[in-house]
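# Tertiary structure, described
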Amino acid sequence: MTSETPDPRLRAWAPVCQAVALLLGPYAEVVLHDATRDEVLAIWNPMGGRGPGDPSLLGELDALDQAAPDVYGPYPKLLPDGRRLSSVSAVLRDEDGRPAAVLCVNLDRGPLEHAAALLAAFAAPTARRPEPLFEQDWTERMNEVVGGYVRAHGRPLERLGREDRLAVLRELDRAGVLAVRRAVPAVATALRVSRSTVYTLLAELRENPDAPGAPDAPEAPATPVAPDAPGTPGPPPPPDSLPPTRERAPP
């Protein structure tokens, strides 16, 4: 077949193969196999040293089940240099339903595995932090309260409503953050609101200490009752326990 009369399969499928190669290249090899002559028809981003006209070694395509899907994979492959590939093959049939070509995409997994290992290293568990260094760091407690609320409720800071912010301020109050001087500006920055908004919410929080979730008021300690000292009269008995008085006879 001359260059003036290119293979009709190339005219039909070369743009598709080139598009995949441009999208995934240089990490993907795209091969268009001639199913009738079992040789490479064209190749993009070659990885294994093959070229057009080399044997495809596809096997007996006629043995494939006609009812089976014509796309296979992803399945693993290995190059001589040790690189691992993820491959997909698609059987392209002619108008009579016979295999005319096979399109294969071989993706080099090396860069993906390297990136995954790098991300996993960053996400690895860290050592326990030295607590004595953070005992006085109230900003850490503030960040833990605010960030914990955001993560627990699945809403970003910008979508927190009034009740959400009141709940966060209650937790900050319990954690002792609001008792720190100059804490309000830092809390306003953490919640991404103005200082006046924080002061308004704090005033509402103080006016309604019995609201659900409000900080618990400290209980007054019970006054201990000292035991009676010898010779000291005790408290008067209740009225029901007083002895009956003797009635005075009329004169």
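The structure this text deals with has already been given above.
Okay, so let's go over this structure. (Residues numbered from 1 in each chain as written. Predicted model: local features only at pLDDT ≥ 70, side-chain atom pairs only at ≥ 80, totals over all residues. Heavy atoms only, no water.)

## Describing the overall build of the protein chain
Regarding its fold elements, the protein chain presents 6 helices and 5 strands. From first element to last, N terminus to C terminus, the protein chain shows the α and β order α-β-β-β-β-β-α-α-α-α-α. Taking all 251 residues of the protein chain together, 27% fall into the buried category. The long-range fraction of contacts in the protein chain, counting pairs at least 24 apart against all pairs at least 6 apart in sequence, stands at 43%. Surface exposure of the protein chain reaches about 17,800 Å², of which carbon and sulfur atoms provide 58%. (Helix = DSSP H or I, 4+ residues; strand = E, 2+ residues; numbered from the N terminus. Buried < 20%, exposed > 50% of the residue type's maximum accessible area, 1.4 Å probe, protein only. Contact = heavy atoms within 4.5 Å. Areas by Shrake-Rupley, 256 points an atom, 1.4 Å probe, with all protein chains shown as cover.)

## A short note on the pattern of salt bridges
Taken as a whole and assessed by the stated rule, the structure comprises 17 salt bridges. Of the charged contacts in the structure, one is a salt bridge between Arg-174 and Glu-171, with a shortest N-O distance of 3.0 Å. One end of the pair, Arg-174, and the other, Glu-171, are both in helix H4 (residues 162-174), 3 residues apart, so they sit about a helical turn from each other. Exposure remark for Arg-174: the relative accessible area of 41% places this residue in the partly exposed category. (Salt bridge = Lys/Arg side-chain N within 4 Å of Asp/Glu carboxyl O.)

## What about the side chain of Asn-106?
As for its position among the elements, Asn-106 is in strand S5 (residues 99-108). Residue classification places Asn-106 among the buried positions, given a relative accessible area of 1%. In this structure Asn-106 touches Tyr-27, Ala-28, Glu-29, Val-31, Met-47, Arg-50, Lys-77, Leu-85, Ser-86 and Ser-87, once residues within four positions along its chain are discounted.

## Concerning the environment of Arg-170
Residue position: Arg-170 is located in helix H4. Classification of Arg-170 by relative accessible area gives buried; the value is 9%. Placed 32 residues apart in sequence, Arg-170 and Leu-202 show a C-alpha to C-alpha distance of 8.9 Å.

## Notes on the sheet that holds strand S1 (residues 28-34)
Judged by pairing direction, the sheet is antiparallel, and its 5 strands sit side by side in the order S2-S1-S5-S4-S3 without closing on themselves. Looking at strand neighbours, the two that pair on one side only are strand S2 (39-44) and strand S3 (71-78), the edges of this open sheet. Between one strand and the next, the sheet's axes are offset by a mean angle of 25°, whatever the strand orientation. Bridging between S1 and S2 involves 5 bridges; their strand directions are antiparallel. If you follow Val-30 over to S2, its bridge partner there is Trp-44. (Pairing = 2+ DSSP bridges. Axes fitted to C-alpha atoms, helices over the stretch in contact; angles between N-to-C directions.)

## Topic: the nonpolar core
Ranked by size, the top nonpolar core spans 25 residues in total, and within it Met-142, Leu-169, Leu-172, Val-187, Leu-191 and Val-198 carry the most contacts. Here Leu-169 is in contact with Leu-178, Val-187, Leu-191, Val-198, Leu-201, Leu-202 and Leu-205, once residues within four sequence places are set aside. (Core = buried A, V, L, I, M, F, W, Y, C linked by side-chain atoms within 4.5 Å.)

## Re the pairing of S1
The buried count for S1 comes to 7 of 7 residues, which makes it a mostly enclosed element. Burial of S1 is two-sided: the residues Ala-28, Val-30, Leu-32 and Asp-34 facing one way and the residues Glu-29, Val-31 and His-33 facing the other way are all buried. Sheet topology places S1 next to S5; 7 bridges connect them, and they run antiparallel. Paired with Ala-28 across the bridge in S5 is Leu-107. Taking the residues that link successive antiparallel strands as the turn, the S1-S2 hairpin has 4 residues, and the phi of Asp-38 there is positive, at about 55°.

## Looking at the environment of His-33
The residue His-33 is located in strand S1 in this model. Counting along the chain gives 25 residues from His-33 to Leu-58, while the straight-line C-alpha distance between them is 8.4 Å. Those residues in contact with His-33 that sit more than four places away from it in its chain are Glu-39, Val-40, Leu-41, Arg-50, Ser-56, Leu-58, Ala-100, Ala-101, Val-102 and Cys-104. Only 2.8 Å separates the side chain of His-33 from the side chain of Ser-56, close enough to count as a polar contact. (Polar contact = N/O pair within 3.5 Å; in protein donor to acceptor, adjacent residues only side chain to side chain.)

## Comments concerning unusual backbone geometry
Cis peptide bonds are those with omega within 30 degrees of zero, and the linkage from Gly-25 to Pro-26 qualifies with 5°. Of note, Pro-26 is situated in the loop between helix H1 (8-24) and S1. In this structure, the amide linkage connecting Gly-73 to the following residue, Pro-74, adopts the cis form with an omega of 5°. Note on placement: Pro-74 falls in strand S3. Unlike most non-glycine residues, Asn-45 shows phi in positive territory, near 50°. The residue Asn-45 is located in the loop between S2 and S3 in this model. Of the residues examined, Asn-45 reaches a relative accessible area of 30% and is grouped as partly exposed.

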